[in-house]
Amino acid sequence: MEIREFELRDQAAVIALWNECQLVVPWNDPARDIQRKLAVDPDLFLVGEYSGSLVATVMGGYEGHRGWINYLAVSPAWQRRGFGRKIMQYVEVLIREKGCPKINLQVRETNQAVVSFYESLGYQCDHVIGLGKRLVSDDGS
């Protein structure tokens, strides 16, 4: 798998992959999420290509205190081949190069397969409660 920065020509394929991986929810418009990401650290928005197809994505971020991972996706047809591990290691290097001391990410606690994947990469439960406040709802409500 070849890893590179996201390009606008990738948008339709990225959104299709996110839908395939069930990452799209009504209150987050994926096209708007892409626009927002391109305004902040676009170099941390990565895609993975294999055999001419877009098969993986990850959005990394660093706000000066902690790094964040969002939208890690690997096409179900290409999972369990090391692509998720490879794109995560790639984005971790980029985030570390920005001076970041720690990366956070959020996983639904019911998604044990994904929790196990991240644990295999050295991530561990911080035993914190994730809180959020929606400032803008993309579903129009």
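Quantities reported herein were computed from a predicted structural model and do not represent experimental measurements.

(A) Seen up close, the overall build of the protein. Within the protein, the regular secondary structure consists of four helices and five strands. Taken over C-alpha atoms, the radius of gyration comes to 15 Å for the protein, in line with the 14 Å a tight globule of 141 residues would show. The principal-axis extents of the C-alpha atoms in the protein amount to approximately 40 × 40 × 30 Å. Going through the 141 residues of the protein one by one, you find that 39% of them count as buried. Summarising the internal contacts of the protein: among those between residues at least 6 apart in sequence, 65% fall at separations of at least 24. Carbon and sulfur atoms form 50% of the exposed surface of the protein, whose accessible area is close to 8900 Å². Charge centroids of the protein, computed over 16 positive and 18 negative side chains, lie 2 Å from each other.

(B) Fine view of the pairing of strand β2 (residues 45-50). Taken together, the four bridges between strand β1 (residues 2-5) and β2 define a ladder with antiparallel strand orientation. Counterpart to arginine 4 in the pairing with β2 is valine 47. Looking at chain direction, β2 and strand β3 (residues 53-62) are connected through six bridges and run antiparallel. Within β3, the position partnered with leucine 46 by the bridge is valine 58. In this antiparallel pair of consecutive strands, β2 and β3, the connection spans two residues, and serine 51 shows a positive phi of 50°.

Quick notes on the rules
- Residues numbered from 1 in each chain as written.
- Predicted model: local features only at pLDDT ≥ 70, side-chain atom pairs only at ≥ 80, totals over all residues.
- Heavy atoms only, no water.
- Helix = DSSP H or I, 4+ residues; strand = E, 2+ residues; numbered from the N terminus.
- Rg over C-alpha atoms; globule rule 2.2 N^0.38 Å.
- Buried < 20%, exposed > 50% of the residue type's maximum accessible area, 1.4 Å probe, protein only.
- Contact = heavy atoms within 4.5 Å.
- Areas by Shrake-Rupley, 256 points an atom, 1.4 Å probe, with all protein chains shown as cover.
- Lys, Arg positive; Asp, Glu negative; His and termini not counted.
- Charge placed at Lys NZ, Arg CZ, Asp CG, Glu CD.
- Pairing = 2+ DSSP bridges.

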